[in-house]
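Each chain is listed here by its residues.
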Amino acid sequence: MKPRILYAATFTFLSLSGGRFSATFMEHELQFSENWMIGGAMALQILAHSLMSSWFGTVADSWEASRSIGGDAGSNADSSEIFAKFIFLRKGRMLMMICGLSLSACSILLHIPGTLWMSWKSTGVEDNSPLPDVILVYHLVLRAFYAMGIA
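Given the structure is predicted, the values throughout are model-derived calculations rather than measurements.

Looking at the largest pocket, its volume works out to about 460 Å³. Along its surface, the largest pocket is lined by 18 residues, and L6, R93, M96, M97 and A151 are the ones closest to its centre. Secondary structure elements with two or more residues in the lining of the largest pocket: α1 (3-17), α3 (35-66), α5 (92-109) and α7 (131-149). Split into classes, the residues belonging to the lining of the largest pocket amount to twelve nonpolar, five polar and one charged.

Structure (structure tokens):
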């Protein structure tokens, strides 16, 4: 797969999912009201992205190299095995991109329950509850998964 197609897909996903506007997304949608919350989330994203990008690149390159139609003319591989190998032939980076974008999309969508909980909490039904800290950690973990997905 050509890199420009992969970069175009990644840029489109980032533009649509709020990745280019993460600070405003965290401030308005996730209700991160303090600067340290947004700064900590951004630092966590950069850390997760930096730690996982080289490993994911290695996995993608190994998938790229291992997905070849092997065997000699005398092998007794059935047609479905040959068809499956042909479909995935030299598409390791694209498969890793699909897995990463799926992980990122799921992590963005999983912000919805936390946001709904925070909006319900702000109505004053329960006060002095430790759940906002749990929700903060929940959103931070999801931001880390989002960063790993786009690594």
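Continuing now.
What follows deals with the packing of aromatic side chains. All chains considered together, the criterion is met by one aromatic pair. Their ring planes at 50 degrees and their centres at 5.3 Å tell us that W55 and F56 sit as a pair that is tilted. Of the residues examined, W55 reaches a relative accessible area of 52% and is grouped as exposed. Its relative accessible area of 16% is what places F56 among the buried residues. Seen from the ring of Y146, R143 lies directly overhead, with NZ or CZ sitting 4.7 Å from the centre.

Topologically, Q45 is positioned in helix α3. With near-sequence residues (within four places) excluded, Q45 lies in contact with S22, M26, R143, Y146 and A147.

What follows deals with the nonpolar core. Counting 13 residues, the largest nonpolar core has F25, M26, L30, F32 and Y146 as its most contacted members. Among the secondary structure elements, those contributing two or more residues to this core are α1, α2 (22-28), α3, α5 and α7. Considering every element that reaches this core, the biggest residue donor is α3, with three residues. The next biggest cluster of nonpolar side chains, apart from the first, holds eight residues, and it includes A48, V59, M96 and M148.

What counts and what doesn't
- Residues numbered from 1 in each chain as written.
- Predicted model: local features only at pLDDT ≥ 70, side-chain atom pairs only at ≥ 80, totals over all residues.
- Heavy atoms only, no water.
- 1 Å grid on protein atoms, 1.4 Å probe; cavity = no way out; pocket = protein on both sides within 12 Å on 5 of 7 lines; lining within 4 Å.
- Points joined across faces, edges and corners; volume = space filled by probe spheres on them.
- Helix = DSSP H or I, 4+ residues; strand = E, 2+ residues; numbered from the N terminus.
- Nonpolar A, V, L, I, M, F, W, Y, C, P; charged D, E, K, R; others polar.
- Phe/Tyr/Trp six-rings, centres within 6.5 Å; stacked < 30°, edge-to-face > 60°.
- Buried < 20%, exposed > 50% of the residue type's maximum accessible area, 1.4 Å probe, protein only.
- Lys NZ or Arg CZ within 6 Å of the ring centre and 35° of its normal.
- Contact = heavy atoms within 4.5 Å.
- Core = buried A, V, L, I, M, F, W, Y, C linked by side-chain atoms within 4.5 Å.

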